[in-house]
Amino acid sequence: MRNSLNMKEKRAIKIFLILASLLLAAIFVLQISPQSSLRFEVYAQQAEKAGAAEKTSGPEAEKAKTAAAGKKKQAIEITGDLFEMESDGTYVITGNVHVYQGSRTIVCERGTYNEKTGIVRAFTNVEILDAKFKMKCQRVDSHMKENYSLFSGGVVVDGNNFKATSERAFYYEKEEKAVLIGNPVAKSLDQTPNEVHGERIIYFMKTERMEVLNNVTAFIQPKEKEKEGAVTHITGNRLEILTDGRYQVTDNLRVLKKDMILYADRGIYDETSEVTEAFGNVKVETSKYTLTSGYVKHLAKEDRTLANIKPRLIQIVDKKKRVLPSDENKPESSGGDASEKTAAGESGQAAEGKDGKDDKDAGGEKTAAGESEGKESKKKISNKDKIILEANEIEALENSTHIVAKGDASLVQFPYLGQEGTEGVEINSKIESQIMDIFTEEGKMVAKQDVVLTSKDITAYGDTATYYEREDRLDIEGNAHAIQRRGKGQEDNDIVGDKITYFASTERILIKAPKIKFFQTR
């Protein structure tokens, strides 16, 4: 009788220990510690490895025995209300189940293990507590043979820097990663948290790195100092949350903030330094301009945006706001003195005809045309111009109110009729220099170093050029020199002055202290 009792006790103890070990492994599969990620395999095959160690000899056998001995020493404490074995070979422990090992605690209401299928399950209010994270769900199905587990029913993972939720989660033991599916959401632990949504969220245990895949949407909240600032809205196909706090989108990036939209192949946002970098086919659209480039870097703390791989800035100018000066105001608008002359006027005097009657008729026509032009110049112009700025580097400062172009800067202006490029369009004017400063609020542009202005009939040179948008006027100063083209087979007029003023809309020129060489047509 005593022997029979001992056998039952031994059997009960053996069953209890197997169930406890497997249940612990099943619930423990989703954890950060690399050592614990192998715990399921260790406990499931511990007896097999120990037997293999006994059959071998030499140093390898000693190492296996030492490792097995170390694993056997791991203490596990399990408590619950009821332990039983069902007829199909399923072991069950129910009622306030607690499993303790080291700093970890697992809590659930019911757990089962089936020896034939090798499936371990935990049910109802499953909770894992660890020094690094906390996890909750309603059910765990651990498939020992396939080395994966399924967590379901309101999955919540609380990490050191984030909180993630989903309907279900798969854990793959060999890769040591968890895949959250079913409306997965990851949130930062800030007072007003950043949020990331996608079709799948993958959490890598070893590196604590997170990937969000397919239809990714992220909401980055403004810093505390910018309580009234706008939320940054990020979308893409793949987003990585790195361990250093950076957000990296590696496929089809789109960023929306206030009136700015950024597109790129990929990009990185550093929340700590508030620096955004975009790479490949970058396009930035604002209410003031459109910027394209191979690379764009935005430094929020400095309120500065830098583009330096073939950057191009495009601006549409509504010329309704422009009021051009009339003929009566020519000297005043140029800012010159009484010595100013118009190149067109001098050219007209040099080219007077022999027939007096024709001259009078022509003069009358010119006077009428001049009066008509004077009236028209006072009217607001209804069409628009498109301006394209290119340089080796373009930088936007002070909320994009100050734009600086450096290195082989070029600014082209032409009528805007809805077209994308300049093909088939007559260019109004082109300005080239080494440096350009554009002040959008003032409607002013300053070009410096090796300035060249090219228009339909005029090419002008100087050290500096200042453009005033409202008057559509360009002042060239410092070694100012202009050449007026007069057509095929005719000599060009050569113009030199202290300052050359060019009105782009009417192609009119004023020269201060002029020295002009005119060539009469014969």
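That block above? That's the structure.
Residues numbered from 1 in each chain as written. Predicted model: local features only at pLDDT ≥ 70, side-chain atom pairs only at ≥ 80, totals over all residues. Heavy atoms only, no water.

*Asks:* I'd like a rundown of the packing of aromatic side chains, residues and numbers included.
*Replies:* Counted under the stated rule, the structure contains 6 aromatic pairs. Judged by centre distance (6.3 Å) and plane angle (10°), the rings of Y91 and Y113 are stacked. Taken together, the positions of Y91 in strand β3 (residues 90–101) and Y113 in strand β4 (residues 104–114) put the pair 22 residues apart, joining distant regions of the chain. Y113 sits in the buried class, given a relative accessible area of 6%. Ring centres of Y247 and Y269 lie 6.4 Å apart, and the angle between their planes is 35°; on these two criteria the pair is classed as tilted. Remark: Y269 occurs in strand β18 (residues 266–270) and Y247 occurs in strand β15 (residues 246–251); sequence separation between them is 22 residues. We note that Y247, like Y269, is buried. Every member of this aromatic cluster is reached through a ring pair, and the members are Y148, F170 and Y172. If you follow R266 out to its NZ or CZ, it ends over the ring of F279, 4.3 Å from the centre. Across the ring face of F503, the terminal group of R508 is positioned such that the distance to the ring centre comes to 4.4 Å. (Phe/Tyr/Trp six-rings, centres within 6.5 Å; stacked < 30°, edge-to-face > 60°. Helix = DSSP H or I, 4+ residues; strand = E, 2+ residues; numbered from the N terminus. Buried < 20%, exposed > 50% of the residue type's maximum accessible area, 1.4 Å probe, protein only. Lys NZ or Arg CZ within 6 Å of the ring centre and 35° of its normal.)

*Asks:* An account of the layout of surface pockets is requested, with residue identities and associated values reported.
*Replies:* Of the voids in this model, the largest pocket is the one considered here, and its volume is about 980 Å³. K257, M260, H298, A300 and D303 are, among the 41 residues lining the largest pocket, the residues nearest its centre. At 4 residues, strand β19 (residues 275–285) tops the list of elements feeding residues into the lining of the largest pocket. Considering only residue class, the lining of the largest pocket consists of 19 nonpolar, 11 polar and 11 charged. (1 Å grid on protein atoms, 1.4 Å probe; cavity = no way out; pocket = protein on both sides within 12 Å on 5 of 7 lines; lining within 4 Å. Points joined across faces, edges and corners; volume = space filled by probe spheres on them. Nonpolar A, V, L, I, M, F, W, Y, C, P; charged D, E, K, R; others polar.)

*Asks:* Explain the state of the cysteines residue by residue, including any values.
*Replies:* If you walk through the whole model with that rule in mind, you get 0 disulfides. Not part of a disulfide, C108 finds its nearest cysteine sulfur in C137, a span of 9.5 Å. The class for C108 is buried, based on a relative accessible area of 1%. (Disulfide = S-S within 2.5 Å.)

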